[in-house]
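Residue-level structure breakdown
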Amino acid sequence: MSRYTSNTGPDRDAMLEAIGARSIEELFEDIPEDLRLGRPLDLPDGRSETEVYDRLSELASRNAHAEGEVSFLGAGMYDHYVPAVVDALTSRSEFLTPYTPYQPEVSQGGLQAMFEFQTAMSELTGLPVSNAALYEGPSAVASAAYLAIGATGRKKLVASRGLHPHSRETMVTYSAGFGSEVVEVGLEGGITDAAALAEAVDEETAAIFIQQPNFLGSVEEVEALAAVAKEKGAQVIVACDPVALSVLKSPGECGADVAVGEGQPLGNRLDYGGPSFGFFCATQEHIRRMPGRIAGEATDVDGRRGFALTLQTREQHIRREKATHNICTAQALNALAGIIHLSWLGKRGFVELGELLVRRTAYARERLGAVVGVEPLHDAPVVREFAVRLRASGGGRVDTATVLRLCAERGFAAGYPLGRDYPEYEDCVLVAVTERRSRRDIDGLADVLSEVLSMEEVEMRGQAQAPVPEQVAS
Amino acid sequence: MADPSYPDDLRYHAEHDWARIEGDTATFGVTWYAQDALGEVVFFEPPEIGSQVQKDTAYAEVESVKAVSDVYAPMSGEITEVNAAAQESPELINSAPYGEGWMVKVKLSNPSEGDELLDSDAYQQLLAD
Amino acid sequence: MNPLGDGGSPPPTSAEEETPMQRDRARTIFERSVPGRRAGTLPAADVPETPLEDLIPAKLLRGRPAELPEVSEPEIVRHYTRISRRNFDLDRGFYPLGSCTMKHNPRVNERVAALPGHARLHPGQDPSRAQGALELMWLLQRSLAEIAGLPHVSLQPSAGSHGELAGLLLTRAYHVDRGERRTKVLTPDTAHGTNPATVTMAGYEVVKVASNDRGGVDLDDLRAKADEQTACLMLTNPNTLGLFDENIAEITSIVRDAGGTLYYDGANLNAIMGHTRPGDMGFDIVHFNLHKTFSQPHGGGGPGAGPIAVADRIEPFLPVPQVIRREPGEAAGAGGNGDGQIRYDLEYDRPRSIGRLRGFQGNFGVFVRAYAYILSLGGDGLTEASETAVLNANYLLARLREGRTGRYAPIAFDRRCMHEFVLSAAPAKQQLGVKTQDIAKRLLDYSFHPPTVYFPLLVDEAMMVEPTETEARETLDGFAEALDAILAEAEQDPEVARNAPYVTPVRRLDEVAANRKPVVRQLLDSAA
C-alpha cells in the first residue's frame, strides 16, 4: 500500500518517459542480480490510519503509566507537569519539521530558540558557555569525559558512586574507545566520601564526576570536592538535575569546569526514557572543545540582528577525524521544550517549584519514615528524591520486588528499586516527589506501605526466590 | 586582502608557509596564497612557547568559518615567541601575512634546513603548476 | 505548476524594500521580560512551609535566583509563534537536503506517541508493567532486522552518530574477544563527517580509501589498505553521491578476508528498502536513522534515533539492556513464564556486552513513531517508498539535465542515480561568477530550501539533491524551473544571486565576525 506519496500511475509513466527508462525496475539496475532481495519484505502489508491508531493504542493500554497510578518513580526522569503551551508550540510545523539550521537566513526561529536555551542553561549552571543540547544525560557525562581527556591529556576518570549508574556504565562503555579507566569512589552517609575521593585523585586524573543531587537524592558538598580535584589539576564535572538548580548553588559557583545533565525535567514528558535532551555547559576556556551545536549572535549585511551556528570548525562535518565529538543530530526540539517550560515557570515560578519540591520531599521522607518498616537510608539534605530501606513490620527482611508489586496492585508506583545497581541496597527504593504528587498522595503511599509491609507474603523466606513475573496491569 | 605577493627575502615551504631566517632564529607565517585559499581567518591557535616544532609537521591551526587548516613548520626548532596580536586579531593573517600576521618565532635547531626551502621564484612556479 | 515556489511572482532582485518580517527585529524572550510578570502557577503548598535553610544548609543554596525571563503566558505564545515564522520548514515547502531524507512527517505518528500509555510511561517502570512498550520495541527490532537483513537489533543508540560509535565499540569488543588488537578503520573519501569523527572517538585511526572514476570505492586502493591492522570498513551504499556501488560484494569480501568488520552507514537506506539489504551485501553492522528513513520529524536538529542491526558474530557484544521475548514454556526460574504466556523483558545478563550507551532504553517516543510508520506502509509500502524515492530523484535529475542547470551545474558523475544525486556548479562559478553558495541563497528567495551544499568534498561546488518519495511531480518541476530561473538571472546579472537572499527574515549574516568574537549567550543585567 502506498502511503504518503503523491504520484499516480500516469505520473509515474510520464516520469519514466522523461528519464528514458522503461520501468522503475530499470532504475535499480546497478544492484547486482544476486544481491537483490527477490521477494517481498516479510512484514505485514500496510494498514489504514485508523487501524494503525487502534493497534498502537492497544499496545499503549498495556503499560502502567503515571496517568493511571500514583507514581513516585524518579531515578533520573521525573513526572513533572508539562505545560500545555509546550505541546502547543513544539508541535508547530515550523519547529517540528525543519532540519538542523544549516541555512541561517531561513532558520532564525530555531537558532534564536537555541540562543535563548543556551542563555538559560548558562544561568542555571553558572557557567558562561552552553551548547544547544546533546542526546541525553548519561551520554552527556561521557562526552564531558572526552572533553576532559582532551583538555588534560590524562586518562583516569574518578567517578562518585553517587553518579547515576547509567552515567557510570556509559562512561565505562565509552572508555573502551577513549582508552581511559573509570575509578569509583564510594559514598559515606549518603554523599561522596571526601577522604576516599582525595585518595583517588592524583596527577593522572583527567576529571572527577559528581552528581548534584546524587543518585540517592542527597545534596553533595560540591565545592569541597571540587577543591580536592583542582589541587591535582583535574577537571571538575558536575552532572546536575536542572530543576534542583532552582534552589541549589550553581555548579559554576562551586568550581565546576563542566556541568552536564539530563534535561527531561524541563518540559519533556517521560516517553519511557526518551527523547529528552542532554545539556552541556562549560567555562570560557573550553569553548573550542565543546561538543555539539552552538548558536551565536550575528549581524546581517543590512545590520539586522540574527543568529547562526557558530564555532562549527569544532564539529564533525568540518574537522572530521579531529572533531571535538561525532554528534550531528541532537535534540533541538526537546531543548526548545526546555526553554519554553523555563519561560513559563519564569524567574519566580522556578524558585517556587524548587521550594515546593524540597518541602514536599522533606515531608515525604518524614512521613514515610514514620511507617513501621520504612527507614530513610541517610539523613543528608535532599531536594526531590530520597532512598529508604524496607523491612517487614515484624522486622524481617523483605523481598523488594514483592513489596513494589503489592503497592502497584493498590495503585501506587512506590519507587525505583536500587538492588540492580547497588547490591548493597537490595532492600532499598528511591522515592521521587514532583509537584504532581500532593500531600494526599504522599499520605496514601505511607498508608499503602504500612499495609503491605505488614503482609506475610513480603517476607523473605530462607533462600531468595526468583520473582515470578506477575500479570500485566489491566 | 591586497594583491598576491611573495617577498624575495623569505624562504618558502611547499605547504604554503614562509620563514624569515636571521642567523639561528627565524619567523614563520603563511603565504598570501594560503590565506587567500582559506578565506577570512577567524581563529589562530598558536603552539606553546618552549615547545619543539619539527620541519614538515603541523605546529598550529588556522580556521575560517567553515574550514580548518594545519600550519606546517618550514624548519625545526623551539618556539620562543608567538604572535599574540594575530591570536587576538586573526584578520592580520589576511591583511598582512608577511608582516603583522606572522605566527611564531623559532630558535632553529638546524639552520641548514633553510637550504631545502624554496625561494620566491621557485615557490611561485610551484603555485603556477 | 507555479515555478516560483509560494511567492506567486518572481521574487525581488534587490533588497530595496524591507519586508514586514525583516522590519520585526529579533528580540529574545529575555528582552521581553518585565519584572512581576509570570505564566505558570503551581499547586498550593499543602505541607509545612519550613524555611529552606532549615532543610538544606545555606552554604549549599543559591545566593540569587537564576535570571529567567518574567513573561505572561500570552506573551510566551506570541513570542514563540513569531519566531517560529522565521523558520522554513518541511510542511511549508520542498526541502531537498541531500543525505537528510526530508520526507513527510505523518501526523498520526505524533498522535500515537502522545498517548498517555507511551508519553507518561516511566522508564523505570517494572518490565512486567510495561509489556506494551516492550512488545512495541521487540516488534520494531524484528521489522528493522528484516529490512536490514541482519538478525539482531539494539534500539539504544540515540542518533546515527551514536549508532556509529556503538558499531565501532562493538567492532573493538569483537576483535578483543578474538585476542586481536587492530588499529585502523577504513572510510571512503566520500564519507559523512560523522564517520571519521566516530573513528577517533572509538580510539581508532582513520585510513581514507579513494573513489574510482564512477564514484565508487577504488578497489585497488582498498586492497592496498585492507590488512591485518584493519578493524573495520565504514561505508554507505548508495554512497553520498547517490550511486550504488556495483562492486559491493567484492568490497565486503576484501575487508572480511582481511579480518575486519563491515559497518553500513544507514543514512541512505531510503534508496533500497525491499530491494536489497545491507546484510545480504556482507555487512555486519548497520545503523538506521529513524529520523530520516522512518519519518520521525527532524525537529530543527533532533530528536532522532539510531538503532543498529548486527550479524551473529557481533550479537554477543550488543549493549545492555536488550529487549527480549520469552516464549511460553521457558522455565520460570530463568525469569520465564510459568503460565504459558509470552513475556517481554529487558535482559541485562550479557557477559560480553560492550555495556550501556546511554540512560534507560533509548528514544522510545521515536520508536513509537517509527513503528507506526512501518505499520502504515507495511512491507509493500516501504518497498514502494524506496521505488518512488528513486523515481523522484531520477526524474528531477532528468529535468535538471536540461537547460541552464545542465549547462552550468551538471551532474558530477554522469550515471543514473539512486535516491539522490550530486551536481557540480563549477561551470556556473567559472562562466557566470556565481557559486553554489549564491545559488543556494537565491533559492531561499524562491521559497525552496537549498540542497546540501559543498558536500561531498570530492565534488567541486557540490549541490547534493534528495527529493524523497513524498514529493509530487509538480513540486519537482517547480524546483527545476526555479534553478533555471536563477541561472537565467545570473546570465543577465550575477549580482542578483551574489547578494541574495532579499526576502528572508534576515539576509546573509556576517559569520566571520560571529566566529571571531563569539556571543553564545545573552548577557543579562544582573549577571554583568
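Here goes a summary of the coordinates provided. Everything numeric in this text was worked out from a predicted model, so none of it was measured. (Residues numbered from 1 in each chain as written. Chains lettered and ligands numbered in written order. Predicted model: local features only at pLDDT ≥ 70, side-chain atom pairs only at ≥ 80, totals over all residues. Heavy atoms only, no water.)

Examining the overall build of chain C
Applied cut-off: Under the DSSP-based scheme used, a helix requires at least four consecutive residues in state H or I and a strand at least two consecutive residues in state E, with every element numbered from the N terminus. Radius of gyration: C-alpha atoms only; globule rule: 2.2 Å multiplied by the number of residues to the exponent 0.38. Only protein chains enter the accessibility calculation, which uses a 1.4 Å probe; a residue whose area is less than 20% of its type maximum is buried, one above 50% is exposed, and one in between is partly exposed. Contacts are assigned to residue pairs that have any heavy atoms within 4.5 Å of one another.
Counting its regular elements, chain C contains 18 helices and 12 strands. Relative to a compact globule of 528 residues, whose C-alpha radius of gyration would be 24 Å, chain C shows 26 Å and is just as compact. The dimensions of chain C, computed from C-alpha atoms along their principal axes, are 80 × 70 × 45 Å. Every one of the 528 residues in chain C was classed for burial, and the buried ones make up 69%. The contacts of chain C with a sequence gap of at least 6 include a subset with a gap of at least 24, amounting to 73%.

Description of the interface of chain C and chain B
How we decide: Once two parts are put together, the accessible area they lose, assessed with a 1.4 Å probe and summed over both, is termed the buried area. What counts as a salt bridge is simple: a side-chain nitrogen of Lys or Arg found within 4 Å of a carboxyl oxygen of Asp or Glu. We define a polar contact as two N or O atoms separated by no more than 3.5 Å, with the added condition that, inside protein, one atom must be a possible hydrogen donor and the other a possible acceptor, whereas residues neighbouring each other in sequence contribute only through side-chain atom pairs. Three classes are used, and their members are as follows: Ala, Val, Leu, Ile, Met, Phe, Trp, Tyr, Cys and Pro are nonpolar, Asp, Glu, Lys and Arg are charged, and the others, Gly among them, are polar.
Listed by partner, the interface residues are 5 residues for chain C and 9 residues for chain B. Across the chain C/chain B interface, buried area totals approximately 610 Å², and carbon plus sulfur atoms make up 50% of it. Area buried by chain C at its contact with chain B is led by C:Val512, C:Asn515 and C:Arg516, which between them contribute 73% of it. Counting across the interface, chain C meets chain B through 2 salt bridges. Across the salt bridge formed by C:Arg516 and B:Glu91, the nearest N and O atoms sit 3.6 Å from each other. Remark: the boundary between chain C and chain B carries 2 residue pairs in polar contact (both at pLDDT 80 or more). A per-class count over the side of chain C that touches chain B returns 1 nonpolar, 1 polar and 3 charged.

Regarding the pairing of strand β12 (residues 305–309) of chain A
Residue and element names in this part refer to chain A. Going by this rule: The pairing criterion for strands is at least two bridges between them, as found by DSSP.
Buried residues dominate β12, accounting for 5 of its 5 residues. Side-chain alternation along β12 places Arg305, Phe307 and Leu309 on one buried face and Gly306 and Ala308 on a second face that is also buried. In this structure, the hairpin formed by strand β11 (residues 295–299) and β12 is closed by a connection of 5 residues, where glycine 303 is found at a positive phi of approximately 90 degrees.

Some remarks on the interface of chain A and chain C
Each partner contributes residues to the interface: chain A has 196 residues there, and chain C has 220 residues. Carbon and sulfur atoms supply 59% of the area buried between chain A and chain C, which totals about 18,200 Å² over both sides. Our count for the contact surface shared by chain A and chain C stands at 24 salt bridges. Put simply, A:Asp11 and C:Arg473 hold a salt bridge, and the shortest N to O gap is 3.1 Å. Remark: the boundary between chain A and chain C carries 114 residue pairs in polar contact (both at pLDDT 80 or more).

What to know about the side chain of B:Ser64
If you trace the backbone, B:Ser64 turns up in the loop between β6 (58–63) and β7 (68–72). A polar contact of 3.4 Å, which involves the side chain of B:Ser64, links it to the backbone oxygen of B:Leu38. Setting aside chain neighbours within four positions, we find B:Ser64 in contact with A:Thr313, B:Leu38, B:Glu40 and B:Val42.

Some points on the side chain of A:Arg293
Residues and elements named next belong to chain A. Tracing the chain through its elements places arginine 293 in the loop between β10 (278–282) and β11. Of note is the side chain of arginine 293, whose polar atom sits 3.4 Å from the backbone oxygen of cysteine 328. If sequence neighbours within four positions are ignored, arginine 293 has contacts with Thr100, Tyr102, Gln118, Asn131, Ala132, Leu309, Arg314, Glu315, His317, Cys328 and Thr329.

What about helix α8 (residues 194–201) of chain C?
Helical geometry note: an α-helix holds 3.6 residues per turn, so side chains three or four residues apart project in the same direction. Residues and elements named next belong to chain C. When you tally the buried positions in α8, you get 7 out of 8 residues, the bulk of the element. Thr194, Asn195, Pro196, Ala197, Thr198, Val199 and Met201 are the residues of α8 that are buried. Of the residues trailing α8, glycine 203 is marked for its positive phi of about 80 degrees.

Some remarks on the pattern of salt bridges
For the coordinates displayed, the defined rule picks out 94 salt bridges over all chains. The salt bridge partner of A:Asp302 is A:Arg304, with a shortest N-O separation of 3.2 Å. Take A:Asp302: its relative accessible area is 40%, and that puts it in the partly exposed class. When its relative accessible area of 4% is taken as the criterion, A:Arg304 is described as buried. Three or more residues are tied together by salt bridges with common partners; here these are A:Glu67, A:Asp79, A:Arg436, A:Arg437, A:Asp441 and C:Arg120.

What about the packing of aromatic side chains?
Where we set the bar: Aromatic contacts are taken between Phe, Tyr and Trp rings whose centres are within 6.5 Å, Trp giving its six-membered ring; a plane angle under 30 degrees counts as stacked, one over 60 as edge-to-face, and the others as tilted. Both a distance and an angle decide whether a charge sits over a ring: NZ of Lys or CZ of Arg must be within 6 Å of the ring centre and within 35 degrees of the ring normal.
Inspection of the entire model under this criterion finds 24 aromatic pairs over all chains. Judged by centre distance (6.3 Å) and plane angle (15 degrees), the rings of A:Tyr4 and C:Tyr373 are stacked. A residue pair is termed interchain when its members come from two chains, as with A:Tyr4 in the segment before α1 (9–19) and C:Tyr373 in helix α12 (residues 364–401). With respect to burial, A:Tyr4 and C:Tyr373 carry one shared label: buried. Judged by centre distance (5.9 Å) and plane angle (55 degrees), the ring pair of C:Trp138 and C:Tyr344 falls under tilted. Residue C:Trp138 is found in helix α6 (residues 131–148), and its partner C:Tyr344 is found in strand β9 (residues 343–347); the two are separated by 206 residues along the sequence. Chaining the aromatic ring pairs together yields one cluster made of A:Tyr4, C:Phe288, C:Phe294 and C:Tyr373. If you follow A:Arg288 out to its NZ or CZ, it ends over the ring of B:Phe43, 3.3 Å from the centre. When the ring centre of B:Trp102 is taken as origin, the NZ or CZ atom of B:Lys105, which lies over that ring, is 4.5 Å away.

Considerations on the environment of C:Glu387
Relative to the assigned elements, C:Glu387 resides in helix α12. Expressed as a C-alpha distance, the spacing of C:Glu387 and C:Met273, which sit 114 residues apart in the sequence, is 8.5 Å. Every residue in contact with C:Glu387, bar those within four places of it in the chain, is listed here: A:Arg12, A:Ile24, A:Phe28 and C:His275.

Quick notes on helix α10 (residues 248–257) of chain C
Residue and element names in this part refer to chain C. Threshold: As used here, the arc is the angular range of directions from the helix axis to the C-beta atoms.
Buried within α10 are the following residues: Ile248, Ile251, Thr252, Ile254 and Val255. Taken around the axis of α10, the buried residues stretch over an arc of 155 degrees, which confines them to a single face. Where α10 is buried, its residues meet α9 (219–225), β4 (230–235), β5 (261–264) and α11 (278–281).

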